[in-house]
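Reading the structure
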Amino acid sequence: MTMKFGKLAAATAVALGLSGPAWAQVEVEWWDFLAGGDGVRMKALIDQFNEEHPEIQISGTTLEWGLPFYTKVRTAVAVGQGPDIMTYHLSRLPLALEEDVLSPISDADLEAAGLSKGDFFEASITAASTDDGQLMAVPFDIHAVVVHYNRTALDGTKWLDADGNLTGISSIAEMTELLTWAKGEGFSDPLSFQSEGGGGTWRMFYTLLRQQGGEMLTDGEVLVGDNMDKAVTAIQTLADWRAEGLIPEQAAYEASVALFSGGKSVLHINGVWEVPTFKDSTDDGSLGFEWFANEVPQMMDMPATWADSHAFAIPNDPDMTDEKREAVLTVIGWMQEHSLAWAGAGHIPAYKPTVESDDYAALQPNATYASLADNAAFDPRSKIAGVASPVYDAVDNLIAPAVHGFLSAEDAAEQMKAQLQALLD
């Protein structure tokens, strides 16, 4: 009630042309790492919020994605010069807890924002919380890898159902069969993904590991028990596909996208964030074929897909005033209620009322792959995992070479285990 009264009073004051300390505008300093289409959409949301809330104005700053962003946050918060609100990858939460850079978010905070934990997908709330259930950030989306595919090429085959969705892939052997067929049809790299660099290879490896029920970390131990065998299987699967010419050799991120859009790949496993790329190419007529995207097929024991979340976090600032925190919570609640606009970037909103809405159901292919929210496999909860982490480095330095035949799958898994375990001991 206090927050609603404050908003009404401030808005009334502005309308009446009143001024003075009682009606001071609250400025919320905002940091994000959102570039490209994500950045355009978020700026539009910020502009809309500012237009609708004369009593609260967001001042946004976009910083460099990855390690530079998190380094800046750590140093700024340590000296009391952090923002009032920031975007945060939930995969970085364990490291954030170690660095003590985040302010806990209580149930009362959520209520003030007009939210509750039940409004969000369970996987995202779990990823946003400590082991004892303390919420540390508010999830905004679930972004995962999906399989983008060439509907035109697959038309009339057993791999496309009556609704135009990918079908008939429930094992590694069946996926290999499709890719081998595509190779014979003239697709030089039937399945493309970022095979150069830790990001794309990690997402492929981790999806295959988790589809076996495998875990990277168990009670602080890397690849214990049969998890080592499952890691080897995941690596060997990718290596076998490469040896048969079914995935590209050392494809950088942009090249992997170009292989699909240029008709060299029939499948492209990449993040939902590329959905706008292919939509735009379809709209301007440059793609040259009909395209769609589905959840990555279950090829092993259980459905699982690598995923992460963009979330809203409040820096740990003991000097933040109640008025400023109230304004920040107003921002968070408003963003969730307007997350359909964010879904246009391909992401699955973490806010269930948006996903359950008729408007979202009409958003394709997003609504079709929204099922992956229940199968989201978030990065291991560890300071060595997450965006721009040592896990990414280990994948880049060990798993990627094994995929391309420079190292055995067994040696890659063993060396990765040793390298990562040393960081935990």
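For the structure itself, consult the block above.
Note that the coordinates shown come from a computational prediction; the quantities given were computed from them, not determined experimentally.

Burial of strand β1 (residues 26-32) is extensive: five of the seven residues sit out of reach of the surface. Of the pairings in the sheet, the one linking β1 to strand β2 (residues 56-62) comprises seven bridges and is parallel in character. From the neighbouring strand, W31 faces β2, where its bridge partner is T61. Where the polypeptide runs from β1 across helix α2 (residues 36-52) and back to β2, its parallel neighbour, the crossover connection is right-handed. Inspection of the sheet shows β1 paired to strand β3 (residues 85-89) by two bridges, in the parallel sense.

All right, on to the sheet that holds strand β4 (residues 138-139) then. Spatially, the five strands line up as an open sheet ordered β2-β1-β3-β12-β4, and their pairing is mixed. Both edges of this open sheet fall to β2 and β4, since each of them pairs with a single strand only. For β3 and strand β12 (residues 310-313), the ladder comprises four bridges, and the chain directions are antiparallel. Across the sheet, M86 pairs through a bridge with A313, a residue of β12. Sheet contacts for α2: β1, β2 and β12; angle to β2, the most-contacted strand, approximately 160 degrees. Set on the sheet, helix α13 (residues 322-337) makes contact with β1, β2, β3, β4 and β12; between it and β1 the angle comes to about 55 degrees.

In this section: unusual backbone geometry. For the peptide bond that leads from Q364 to P365, omega is 10 degrees, which places it in the cis range. If you trace the backbone, P365 turns up in the loop between α16 (358-361) and α17 (366-369). Phi angles above zero are rare outside glycine, and Q250 is one such case at about 50 degrees. Checked against the element boundaries, Q250 lands in the loop between α10 (227-243) and α11 (253-261). Classification of Q250 by relative accessible area gives partly exposed; the value is 33%. For A388, which is not glycine, the phi torsion reads 55 degrees and is therefore positive.

Attention now moves to the environment of K230. Here K230 lies in helix α10. Along the backbone, K230 and L34 are 196 residues apart, and their C-alpha atoms lie at a distance of 34 Å. Discounting residues that sit within four places of it in the chain, K230 has contacts with L209, Q212, G213 and G214.

With respect to the secondary-structure elements, D322 resides in helix α13. Overall, D322 belongs to the exposed group, its relative accessible area being 70%. For the pair D322 and L45, spaced 277 residues apart in sequence, the C-alpha separation works out to 24 Å.

Our focus in this paragraph is the packing of helix α9 (residues 198-211) against helix α18 (residues 390-403). Relative orientation of the contacting elements α9 and α18 amounts to 85 degrees, with a least axis distance of 8 Å. On the basis of their axis angle, the class for α9 and α18 is roughly perpendicular. Where α9 abuts α18, its residues G198, G199, T201, W202, R203 and F205 lie against V391, Y392, V395, D396, I399 and A400. A per-class count over the contact of α9 with α18 returns seven nonpolar, three polar and two charged.

What counts as what
Residues numbered from 1 in each chain as written. Predicted model: local features only at pLDDT ≥ 70, side-chain atom pairs only at ≥ 80, totals over all residues. Heavy atoms only, no water. Buried < 20%, exposed > 50% of the residue type's maximum accessible area, 1.4 Å probe, protein only. Helix = DSSP H or I, 4+ residues; strand = E, 2+ residues; numbered from the N terminus. Pairing = 2+ DSSP bridges. Right-handed = clockwise from strand over helix to strand, strands pointing away. Contact = heavy atoms within 4.5 Å. Axes fitted to C-alpha atoms, helices over the stretch in contact; angles between N-to-C directions. Parallel < 35°, antiparallel > 145°, perpendicular 65-115°, else oblique. Nonpolar A, V, L, I, M, F, W, Y, C, P; charged D, E, K, R; others polar.

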